[in-house]
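An overview of the molecular structure
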Amino acid sequence: MTTPLLLSIDQGTTSSRAMLFEKNSSTFAVAQREFTQFYPQSGWVEHDPEEIWKTTLTVCQEALATARAANRKVATIGITNQRETTLIWDRHTGKPIYNAIVWQDRRTAERCRDLQQQGHSDKVASKTGLLLDPYFSGTKIAWILDNVEGARARADKGELAFGTIDSFLMWRLTNGRVHATDATNAGRTLLFNIHTNSWDDELCALLDVPRSLLPEVHDSAANFCTTDKSVLGEELPVAGVAGDQHAASIGQVCFQPGMVKSTYGTGCFMMLNTGTEAIPSTHRLLTTIAYRLDGVTTYAIEGSIFVAGAAVQWLRDGLGIIQSAEETQSMAMSLEDNQGVYLVPAFTGLGAPHWDAEARGALFGLTRDSGPAVVTRAALEAVCYQTMDLLNAMRKDGASINTVRVDGGMVKNDWLTQYLANVLDIAIERPRQTETTALGAAYLAGLQTGMYGSLDELTANWQQEHEFTPTMDDELRKRVTAGWADAVRRTRSNY
Ligand SMILES: Nc1ncnc2c1ncn2[C@@H]1O[C@H](COP(=O)(O)OP(=O)(O)O)[C@@H](O)[C@H]1O
Ligand SMILES: O=P(O)(O)OC[C@H](O)CO
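Residues numbered from 1 in each chain as written. Chains lettered and ligands numbered in written order. Predicted model: local features only at pLDDT ≥ 70, side-chain atom pairs only at ≥ 80, totals over all residues.

What the domain assignment lists for the protein is domain 1 (5-244) and domain 2 (252-431 + 463-495). On a C-alpha basis, the centroid separation for the pair domain 1 and domain 2 is 25 Å. On the domain 2 side, the residues contacting the 25 residues of domain 1 number 20 residues. The class makeup of the residues in the side of domain 1 that touches domain 2 is 11 nonpolar, 11 polar and 3 charged. (Domains from an automatic or database assignment. Contact = placed C-beta atoms within 7 Å. Nonpolar A, V, L, I, M, F, W, Y, C, P; charged D, E, K, R; others polar.)

Structural data, given as structure tokens:
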């Protein structure tokens with residue numbers, strides 16, 4: 001008998017994807033749909049929750065149809081999702097009361113500044129590992145409650161539910177029977193104490209979020225729910241849930257302290273496993289729950305960059321200077337150097353280690369000769385320099401890092417991955433299976449349902465496809481990284 005497949009739902013910032021994996025981590029099928037990004041005001045980013053649901057349902061149905069056509073059984077579902085993105089819906093109808101406010105959205109910057117000025121930063125950091133930044137869910141929840149007519153009163157009456165996207169999908173997959181999330185997603189709300197592993201009343205009061213809104217929090221591998229037959233045509237257990245960056249760490253099998261992965265999707269997120277100890281960063285990185293298994297929390301230090309692949313999308317959809325993301329590779333390669341041009345893609349502010357919500361993007365060093373290729377190259381280079389800033393901050397925090405495992409949509413770009421090795425001056429490992437986010441969620445579900453007996457079994461599945469080693473001379477590295485540092489300095493809101 002053939003081994004059953006694992007279905008992973010990867011609800012990302014720009015697309016919803018369903019992937020079927022074999023037990024050995026190879027891909028059996030993929031279905032994917034992009035959806036609309038809404039930018040209603042400067043610094044605001046929203047998604048239509050019904051479009052998120054519809055695209056997710058469609059890709060799941062397509063993947064399940066592929067399995068059925070091949071006479072293959074699907075054992076379980078894992079869910080992974082864009083984190084922090086905030087939804088509030090009516091418990092009775094399941095209808096969201098406002099669009100999803102996306103993690104990149106900056107509308108609560110002023111509220112965060114007020115909280116900082118009132119002296120709440122240290123308390124929030126010590127309980128949540130996070131900073132008071134609009135990136136996280138807490139202030140977005142309060143914004144919806146205070147700006148949608150009647151919402152606060154309905155929340156006080158217990159009529160509304162809050163969830164990150166995983167929570168919303170489980171609600172819909174079960175026709176409203178289950179309101180749950182996992183510890184990694186809960187840990188990104190500013191309301192969850194990552195040391196006691198529970199919602200924190202003091203933080204809920206500080207951010208003005210009623211406790212009645214919040215979902216039940218489980219381990220990342222747990223019996224979350226069983227899908228309703230009327231939704232997917234069959235009852236399937238959802239047995240693994242994790243925020244996408246945490247899932248990517250699992251897919252990259254970063255189970256040992258000191259192991260690092262960096263994922264290049266819409267944003268870029270670098271995560272360093274620090275074991276069962278939560279280590280506070282002294283260089284403006286986040287302390288986060290890497291995963292929670294069997295009630296034991298493994299922690300990580302994370303560097304978060306808001307714009308990576310999003311810069312490539314801007315070249316395509318905003319400027320119209322490329323037709324497809326793939327073209328960026330040949331355009332970057334067509335130039336011998338960057339001609340002194342730097343793009344700081346602070347479209348929605350700067351994330352780690354700067355945390356400057358008011359900064360906005362800038363291009364430096366343009367001349368009359370600067371054309372599409374140099375701007376394209378600057379966008380790719382920016383992704384690498386930003387990763388370098390994160391690596392340096394991790395090193396200043398005391399980490400000893402010799403290799404970085406990379407994944408996500410952008411790392412198919414060999415030029416980018418080589419340039420990353422060049423500016424970081426370390427080896428970059430690209431795995432055979434680069435869909436590590438979806439894979440990580442599948443692994444969690446497989447662990448819970450007994451398909452895998454241990455983390456070691458997952459580790460044995462990981463295979464390197466290519467190692468990129470540095471080829472840039474020190475002098476050039478010094479020159480380009482100094483050029484970047486100067487561009488960032490001039491982009492800061494306090495410049
Ligand atoms: N060959 C490529 N070169 C550069 N960027 C790419 C390439 N292929 C995809 N991308 C970028 O990667 C991103 C998609 O990665 P993905 O991991 O699917 O993102 P997400 O999960 O955030 O939606 C897009 O922003 C796209 O522009
Ligand atoms: O959609 P991605 O892959 O860029 O990930 C989004 C992150 O989870 C935001 O924190």
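After that view, the rundown keeps rolling.
Turning our eyes to something else, we now look at the site of ligand 1. Taken together, 19 residues lie around ligand 1, and Gly 12, Gly 265, Thr 266, Gly 309 and Gly 409 are the ones closest in. Those elements that provide at least two residues to the shell around ligand 1 are α11 (309-319) and α12 (327-333). Looking at which element gives the most residues to the shell around ligand 1, the answer is α11, with 4 residues. Split by residue class, the shell around ligand 1 holds 4 nonpolar, 13 polar and 2 charged. For the shell around ligand 1, the two domains that each supply at least three residues are domain 1 (5-244) and domain 2 (252-431 + 463-495). (Near = placed C-beta within 6 Å. Helix = DSSP H or I, 4+ residues; strand = E, 2+ residues; numbered from the N terminus.)

A few words on the packing of helix α10 (residues 244-251) against helix α15 (residues 436-448). Each pair of packed helices can be summarised by the angle the axes make with each other and by the distance between the axes. Following both chains from N to C, one finds α10 and α15 inclined at 80 degrees, their axes separated by 6 Å at the closest point. One finds that α10 runs roughly perpendicular with respect to α15. Residues Asp 244, Ala 247, Ala 248, Ser 249, Ile 250 and Gly 251 of α10 form the contact with α15, whose participating residues are Thr 436, Thr 437, Leu 439, Gly 440, Ala 441, Tyr 443 and Leu 444. Of the residues that constitute the contact of α10 with α15, the class distribution is 7 nonpolar, 5 polar and 1 charged. (Axes fitted to C-alpha atoms, helices over the stretch in contact; angles between N-to-C directions. Parallel < 35°, antiparallel > 145°, perpendicular 65-115°, else oblique.)

Quick look at the nonpolar core now. The biggest cluster of nonpolar side chains holds 149 residues, and the ones touching the most others in it are Ile 88, Val 238, Ala 308, Ala 311 and Val 383. Counting residues per element, this core draws most heavily on helix α13 (residues 372-396), which supplies 13 residues. For this core, the domains that each give at least three residues are domain 1 (5-244) and domain 2 (252-431 + 463-495). In this view, Ile 88 contacts Pro 96, Ile 97, Tyr 98, Ile 141, Ile 144, Leu 160, Ala 161 and Phe 162; residues no more than four positions away in its chain are not counted. (Core = buried A, V, L, I, M, F, W, Y, C linked by C-beta atoms within 7 Å. Buried ≥ 20, exposed ≤ 12 C-beta atoms within 10 Å, placed from the backbone.)

A cis amide bond links Ala 352 with the next residue in sequence, Pro 353, at an omega value of -5 degrees. Topologically, Pro 353 is positioned in the loop between β19 (342-344) and β20 (362-364). Residues other than glycine seldom take positive phi values, yet Leu 190 does so here, at roughly 75 degrees. Following the sequence through the fold, Leu 190 ends up in the loop between α7 (183-186) and β10 (192-193).

Another aspect to go through is the sheet that holds strand β14 (residues 237-243). A sheet is described by the order of its strands in space; here 6 strands give the open sequence β3-β2-β1-β5-β14-β13, paired in mixed fashion. Each edge of the sheet is formed by a strand with only one pairing partner; in this case those strands are β3 (27-34) and β13 (221-226). The mean angle between the axes of side-by-side strands here comes to 25 degrees, regardless of whether they run parallel or antiparallel. Here 5 bridges tie strand β5 (residues 74-81) to β14, and the two strands are oriented parallel to one another. Directly across from Ile 79, in β14, lies its bridge partner Val 241. Helix-sheet contacts for helix α6 (residues 165-173) involve β1 (5-11), β5, β13 and β14, and the interaxial angle to β5 is about 140 degrees. The strands touched by α15 are β1, β2 (15-21), β5, β13 and β14; relative to β5, the strand with the most contacts, the crossing angle is about 130 degrees. (Pairing = 2+ DSSP bridges.)

The next point concerns the site of ligand 2. The environment of ligand 2 is formed by Gly 12, Thr 13, Gln 82, Arg 83, Glu 84, Trp 103, Gly 243, Asp 244, Gln 245, Gly 265, Thr 266 and Gly 267. Here the residues of the shell around ligand 2 sort into 1 nonpolar, 8 polar and 3 charged. Counting residues domain by domain, the shell around ligand 2 receives three or more from each of domain 1 (5-244) and domain 2 (252-431 + 463-495).

Either a parallel or an antiparallel arrangement is found when strands of a sheet pair, and the pairing is made through backbone hydrogen bonds. Overall, mixed pairing links the 7 strands, which are arranged β17-β18-β16-β15-β21-β22-β23 in an open sheet. This sheet does not close on itself; its edge strands, each paired only once, are β17 (286-293) and β23 (464-468). Across this sheet, the average inter-strand angle for adjacent strands is 30 degrees, counted without regard to direction. The sheet contact formed by strand β21 (residues 403-407) and strand β22 (residues 427-431) spans 3 bridges and is parallel.

Turning next to the UniProt feature "binding site: sn-glycerol 3-phosphate" (unreviewed entry) in the protein. The positions UniProt marks with the feature "binding site: sn-glycerol 3-phosphate" (unreviewed entry) are Thr 13, Arg 83, Glu 84, Tyr 135 and Asp 244. Assignment of secondary structure puts Arg 83 in the loop between β5 and β6 (87-90). Judged by local crowding, Arg 83 falls into the buried class, with 27 C-beta atoms found within 10 Å. For Arg 83, the residues in contact, after removing those within four places along its chain, are Trp 103, Thr 164, Asn 185, Arg 188, Gly 243, Asp 244 and Gln 245. With respect to the helices and strands, the residue Glu 84 is situated in the loop between β5 and β6. (UniProt positions renumbered as here; feature names shortened; annotations may be inferred.)

What follows is about the pairing of β21. Counting buried positions along β21 gives 4 out of 5 residues, so the element sits mostly inside the fold. Strand direction decides the pairing type here: strand β15 (residues 260-264) and β21, joined by 3 bridges, are parallel. What sits directly across from Thr 263, in β21, is Asp 407. You can see the chain leave β21, run along helix α14 (residues 414-424) and come back into β22, and the turn it takes is right-handed. (Right-handed = clockwise from strand over helix to strand, strands pointing away.)

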